[in-house]
Amino acid sequence: RTARGAILKTGLGSSAALTVAVTAAILTHLTAGCPAARLLTSPAVVHNLAQYAHCFAQGKIGSGFDVSSAVFGSHHYRRFSPLVLRPLIDA
């Protein structure tokens, strides 16, 4: 915590990776033999549940990129200049 009480996040995503792994394992176990198992254990479902659990556990701190990366793989993010949006904002 900072002097003002803010929580600092400097992790490497290990809690996100663990959350994704446990979520996928539980879903796989609970849906074993279920005709809809493939749908219920899809990356999208795992991501949504893991994102919710991780957000709840961490008090809604963080971007969610670590959970998403743990489910879907790496991401390529490129920041763009705010000037790109200026014409839309001014319209």
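Before reading on, note that the structure itself is shown above.
Residues numbered from 1 in each chain as written. Predicted model: local features only at pLDDT ≥ 70, side-chain atom pairs only at ≥ 80, totals over all residues. Heavy atoms only, no water.

Moving on: the packing of aromatic side chains. All chains considered together, the criterion is met by one aromatic pair. Both rings, one in Tyr 52 and one in Phe 56, keep their centres 6.5 Å apart while their planes meet at 20°; by these two values the pair is stacked. Placement of both Tyr 52 and Phe 56 in helix H3 (residues 43–58) is noted, with a separation of four residues, approximately one turn of the helix. For the pair Tyr 52 and Phe 56, a shared accessibility class is recorded, and that class is exposed. (Phe/Tyr/Trp six-rings, centres within 6.5 Å; stacked < 30°, edge-to-face > 60°. Helix = DSSP H or I, 4+ residues; strand = E, 2+ residues; numbered from the N terminus. Buried < 20%, exposed > 50% of the residue type's maximum accessible area, 1.4 Å probe, protein only.)

Moving on, we come to the pattern of salt bridges. Between side chains of opposite charge, pairing is possible as soon as their charged atoms come close. Overall, the coordinates contain one salt bridge when judged by the stated rule. Among the ionic pairs, Asp 90 bridges to Arg 86, the shortest N-O distance being 3.4 Å. Note that Asp 90 and Arg 86 are positioned in helix H5 (residues 86–90) at a spacing of four residues, about one turn of the helix. (Salt bridge = Lys/Arg side-chain N within 4 Å of Asp/Glu carboxyl O.)

This paragraph deals with the nonpolar core. Among the nonpolar cores identified, the biggest contains seven residues, and these are Ala 16, Val 20, Leu 27, Val 46, Ala 50, Val 67 and Val 71. Breaking this core down by element, the ones donating at least two residues are helix H1 (14–30), H3 and helix H4 (65–72). (Core = buried A, V, L, I, M, F, W, Y, C linked by side-chain atoms within 4.5 Å.)

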